[in-house]
Amino acid sequence: MNLVIFGPPGSGKGTQAKLLQEKQAWPQLSTGDMLRAAIAAGTELGKKCQSIMAKGELVPDDVVVGIIGERYDQPDCEKGAIFDGFPRTIPQARSLDSMLKLRNKKIDLVIELKVDDKVLIDRVKTRIAQSGGVARADDNPETLQNRLAVYYQNTAPLLEFYKRQGKLTTVDGMAPIEAVTKAIAVVIEKAAKG
Ligand code: AP5
Ligand code: MG
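Not measured: the values here are computed from a predicted model.

A.B. asks: Mind showing me how you'd approach empty space enclosed by the protein here?
C.D. replies: Regions of empty space are outlined by a rolling probe, equal in size to a water molecule, passed over the atoms. Per the counting criterion, the structure on display carries one cavity of 30 Å³ or more. In this structure, the largest cavity occupies an estimated 40 Å³ of space. Lining of the largest cavity is provided by Gln 16, Leu 20, Lys 23, Thr 181 and Ile 184. For the lining of the largest cavity, the secondary structure elements donating two or more residues are helix H1 (13–23) and helix H9 (177–193). Looking at the lining of the largest cavity, the element that brings in the most residues is H1, giving three residues.

Below, the structure written as structure tokens:
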């Protein structure tokens, strides 16, 4: 199954994608993690994206579409993948649909984690406090505000895009982590039955 875990910054996409990856045969494809790895490795791609990410802006569509396309062609994605933090714009979603179509695949399901802004801000504050001084470059209250604004401006319109395709299910992302995991499992089971 090809699945998108969708939601604003701090909604739990990475947390849930990792748990799901342990249970299912689908790897977590996180564009944020891939870009942070490129920055850490000091690659050309990393250098290009570093300041954009530190500001909480989106890196260009062709960059993320390129890295996702390459990653998806690895053998571990044969049974499907969990897209985490991608797509984030309508053009990215269209590119993803075309890329999968070329491979006779499709997005089967989009799960939105719905979380109030105030809770998102509190979660990131907690993550900064727990980071022991090595917080992510974009994990500070000012950049988070911008990441949220960018989410509502560029990414939230995808909810309508996937709703129209009949693929969207919304889960309460404010429930405890284990409860969210259970709710996602129920949605996947239902989708797998068709
Ligand atoms: P990305 O890495 O995708 O970050 P993000 O979406 O902004 O947000 P996070 O990863 O912080 O949140 P999350 O939803 O994964 O939540 P998490 O599980 O960590 O992107 C970073 C940047 O890269 C972007 O700003 C952009 O510049 C660039 N980028 C990436 N993809 C791109 C794309 N496709 N196009 C263009 N640019 C792109 O959880 C957050 C915290 O909450 C954790 O501490 C966790 O323990 C806690 N938590 C999780 N669930 C719960 C729960 N149910 N209850 C209580 N606490 C919880
Ligand atoms: Mg994440």
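A.B. asks: Just to check I follow, could you spell out the pairing of strand E1 (residues 2–6) for this structure?
C.D. replies: Within a regular strand, the side chains alternate between the two sheet faces. Of all five residues in E1, five are buried; the element is thus mostly enclosed. By the alternation rule, side chains of E1 split into Asn 2, Val 4 and Phe 6 and Leu 3 and Ile 5, which are all buried. Here four bridges tie E1 to strand E3 (residues 81–84), and the two strands are oriented parallel to one another. Pairing of Asn 2 across the sheet is with Ala 81, part of E3. As paired elements, E1 and strand E4 (residues 109–114) share four bridges and run parallel to each other. In the sheet register, Ile 5 faces E4, and the bridge partner there is Ile 111.

A.B. asks: I'm lost on the environment of Lys 47 in this one. Help?
C.D. replies: Summarising the element assignment, Lys 47 is placed in helix H3 (residues 44–55). Among the residues examined, Lys 47 registers a relative accessible area of 53% and is labelled exposed. Note: C-alpha distance between Lys 47 and Leu 35 (twelve residues apart in sequence) is 9.9 Å.

A.B. asks: Honestly, the site of ligand 1 in this entry has me stumped. Any pointers?
C.D. replies: Close contacts around ligand 1 come from 31 residues, with Lys 13, Thr 15, Thr 31, Glu 57 and Arg 127 the closest. Within the side chain of Gln 92, a nitrogen or oxygen atom sits 2.9 Å from a nitrogen atom of ligand 1. Within the backbone of Ala 175, one N or O atom sits 2.9 Å away from a nitrogen atom of ligand 1. Within the complex, 88% of the 1,000 Å² of free accessible area of ligand 1 lies under protein. At the level of secondary structure, the elements contributing two or more residues to the shell around ligand 1 comprise H1, helix H2 (31–41), helix H6 (117–130) and H9. For the shell around ligand 1, the leading source of residues is H2, giving four residues. Taken together, the residues that form the shell around ligand 1 break down as twelve nonpolar, ten polar and nine charged.

A.B. asks: I'm lost on the packing of helix H7 (residues 141–155) against helix H8 (residues 157–164) in this one. Help?
C.D. replies: Any two packed helices are characterised by how steeply their axes cross, that is the angle between the axes, and by the distance between the axes. For the pair H7 and H8, interaxial distance at closest approach is 5 Å and the crossing angle is 35°. Along its contact with H7, which presents Tyr 151, Tyr 152, Gln 153, Asn 154 and Thr 155, the element H8 presents Pro 157, Leu 158 and Leu 159. Class assignment for the residues of the contact of H7 with H8 results in five nonpolar, three polar and no charged.

Quick notes on the rules
- Residues numbered from 1 in each chain as written.
- Chains lettered and ligands numbered in written order.
- Predicted model: local features only at pLDDT ≥ 70, side-chain atom pairs only at ≥ 80, totals over all residues.
- Heavy atoms only, no water.
- 1 Å grid on protein atoms, 1.4 Å probe; cavity = no way out; pocket = protein on both sides within 12 Å on 5 of 7 lines; lining within 4 Å.
- Points joined across faces, edges and corners; volume = space filled by probe spheres on them.
- Helix = DSSP H or I, 4+ residues; strand = E, 2+ residues; numbered from the N terminus.
- Buried < 20%, exposed > 50% of the residue type's maximum accessible area, 1.4 Å probe, protein only.
- Pairing = 2+ DSSP bridges.
- Near = heavy atom within 4 Å.
- Polar contact = N/O pair within 3.5 Å; in protein donor to acceptor, adjacent residues only side chain to side chain.
- Areas by Shrake-Rupley, 256 points an atom, 1.4 Å probe, with all protein chains shown as cover.
- Nonpolar A, V, L, I, M, F, W, Y, C, P; charged D, E, K, R; others polar.
- Axes fitted to C-alpha atoms, helices over the stretch in contact; angles between N-to-C directions.
- Contact = heavy atoms within 4.5 Å.

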